[in-house]
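For reference, the chains in residue letters:
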Amino acid sequence: MRKLILCILAMLLVASPFAVAQTVKNYSFEGMLGEKIPVRLTFDVNSHGIAAGEIYYPNSKSPAPILIVGEKSEQLNMFFFREFQNDGVVTGYFNLELSGSNKGNLTLTGEWTNPKTSKSYKFRNMRAVPVPNSYVTPLQPESPDHIGTYYSYQCWSDRDDDMMGGNVTFSGAGKNKINFDVVNCPHNMAIGENEPGRPAVLNGNHFTYYNVNECGYGFEAFFYKRFVVLKDLTFGDTLFCFGMGTSFDGVYIKLTQ
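As the structure is a prediction and not an experimental result, all values here were calculated from the model.

(A) Expanded view of the layout of surface pockets. Its volume calculated, the largest pocket comes out at about 730 Å³. If you go around the largest pocket, you meet 30 residues; those closest to its centre are Glu71, Arg82, Asp249, Gly250 and Val251. Among the elements of the structure, strand S4 (66–72), strand S5 (78–84), strand S6 (90–99), strand S9 (150–157), strand S10 (162–172), strand S16 (227–232) and strand S17 (250–256) are those that each provide at least two residues to the lining of the largest pocket. Residues belonging to the lining of the largest pocket are distributed by class as follows: 15 nonpolar, nine polar and six charged. The computed volume of the second largest pocket comes to approximately 290 Å³. As for the second largest pocket, its lining consists of 14 residues, of which His48, Gly49, Lys72, Ser73 and Glu74 are closest to the centre. Elements supplying a minimum of two residues to the lining of the second largest pocket: strand S1 (23–33), strand S2 (37–46) and S4. Broken down by element, the lining of the second largest pocket gets its largest block of residues, three residues, from S1.

Below is the structure:
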C-alpha cells in the first residue's frame, strides 16, 4: 500500500505544471581563471537546453555566488553563459567545453571575457568536485501566479560605446494568461507585444506565441524564479521586421515581482 501511495504521489508531481522541471545533468568544477583568480563553477542543464547556475570567486572582496545563465550547444558538449548581477547587468560572458565520458574524468576548458574591456582569461586546471551543499539550482520553474511584472538585462556594447539591453513587461490577462511587451536592443531594435484580446497562454512556466508582427515572428518563454528565457521559434524572413540580427531572444532578469 505504501509503495502504491508513493507511486501516485510521484505521478502527480510529474503531471503538475508547477513541479520543478527535472534537471538532466548538473556539474561543479573548481580551478583557476587565468593565473591568479580561484573560481568555482556549478551549473545545471535541463531538457530544453537551458543552462544556469553560479560562478563563485572565493578571493573577491565580498565573495558571493553570481548567477550565470546560458545554453548548451545542440550538437556539442559546449555551453555559453552570461554572468548576471542582481540588477540585470552582464559582467562577464564565457564559453565552456566539457570532455570525458563521466563525472569521474570530466575536464573543463573555456574562456571568460569582460564585456567592457574585452579582456579574456582562460579557465585552467578545472577539476570536477561535488556540488556544494549550499547550492540551489536557478532552474526552478516559476508558477503562473508568481510571474514578475518587469524583467531586464544590460550589457556593454562596443559599437555604441554604451550599455545596451532589453526589457519585458508582463501583466495578468486572466487565469494562466498574460500580456507581454518586449523591447530588446542589444544592437538593433526588436519591439513587439501581444495582440489586443490575444494574450499568451501559460502551460506551467512556459508559453509559445506566434505572429507577433506582420512578418509572422514567433517565440517562446520559459519562466524561472529569477529570470525568464525568450527563444525564437521562427527564423529567416520573420526576423526582417526587426533590426538585422535582432529578435526577442535572450535572458531577462526579474527586477519587479
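(B) The arrangement of the pattern of salt bridges in detail. Applying the stated rule across the entire model yields seven salt bridges. Here Arg127 makes a salt bridge to Glu30, at a shortest N to O gap of 3.3 Å. Highlighted residues: Arg127 in strand S8 (residues 120–128) and Glu30 in strand S1, separated in sequence by 97 residues. A residue is classified by how much of its surface remains accessible, and Glu30, at 27% relative accessible area, is partly exposed. One salt bridge connects Lys122 with Glu111, and the closest N-O pair in it is separated by 3.5 Å. One end of the pair, Lys122, is in strand S8; the other, Glu111, is in strand S7 (residues 107–113), and 11 residues separate them in sequence. According to the relative accessible area criterion, Glu111 is partly exposed, its value standing at 27%. Via salt bridges that share partners, Glu142, Lys225 and Lys254 belong to a single interconnected network.

(C) A look at the packing of aromatic side chains. All told, the structure shown has 23 aromatic pairs when counted by the stated rule. Look at Tyr217 and Phe242: their rings are 5.2 Å apart centre to centre, the planes differ by 80 degrees, and that puts the pair in the edge-to-face class. Here the residue Tyr217 occupies a position in the loop between strand S14 (206–209) and strand S15 (219–223), and Phe242 occupies one in the loop between S16 and S17, the gap between them amounting to 25 residues. The exposure classification of Tyr217 matches that of Phe242, with both residues buried. Judged by centre distance (5.4 Å) and plane angle (35 degrees), the rings of Phe242 and Phe248 are tilted. Take Phe242 and Phe248: they sit in the same class, and that class is buried. Sitting over the face of the ring of Trp156, Lys116 holds its NZ or CZ atom 4.7 Å from the ring centroid.

(D) Seen up close, the environment of Ser247. Among the structural elements, Ser247 can be located in the loop between S16 and S17. For Ser247, the side chain forms a polar contact with the side chain of Asp232, separated by 2.8 Å.

(E) Quick look at the state of the cysteines. One pass over the full model with this rule turns up one disulfide. The disulfide that involves Cys215 links it to Cys241, with 1.7 Å between the sulfurs. Between Cys215 and Cys241 the sulfur-sulfur dihedral comes to about 80 degrees; the bridge is accordingly right-handed. Of the two residues, Cys215 is situated in the loop between S14 and S15 and Cys241 in the loop between S16 and S17; the sequence distance between them amounts to 26 residues. Accessibility expressed as a relative area gives 26% for Cys215, which makes it partly exposed. By relative accessible area, which is 30% here, Cys241 ends up partly exposed.

The rules behind each value
- Residues numbered from 1 in each chain as written.
- Predicted model: local features only at pLDDT ≥ 70, side-chain atom pairs only at ≥ 80, totals over all residues.
- Heavy atoms only, no water.
- 1 Å grid on protein atoms, 1.4 Å probe; cavity = no way out; pocket = protein on both sides within 12 Å on 5 of 7 lines; lining within 4 Å.
- Points joined across faces, edges and corners; volume = space filled by probe spheres on them.
- Helix = DSSP H or I, 4+ residues; strand = E, 2+ residues; numbered from the N terminus.
- Nonpolar A, V, L, I, M, F, W, Y, C, P; charged D, E, K, R; others polar.
- Salt bridge = Lys/Arg side-chain N within 4 Å of Asp/Glu carboxyl O.
- Buried < 20%, exposed > 50% of the residue type's maximum accessible area, 1.4 Å probe, protein only.
- Phe/Tyr/Trp six-rings, centres within 6.5 Å; stacked < 30°, edge-to-face > 60°.
- Lys NZ or Arg CZ within 6 Å of the ring centre and 35° of its normal.
- Polar contact = N/O pair within 3.5 Å; in protein donor to acceptor, adjacent residues only side chain to side chain.
- Disulfide = S-S within 2.5 Å.

It is worth stressing that arrangement in space is one thing and function is another; only the former is reported here.
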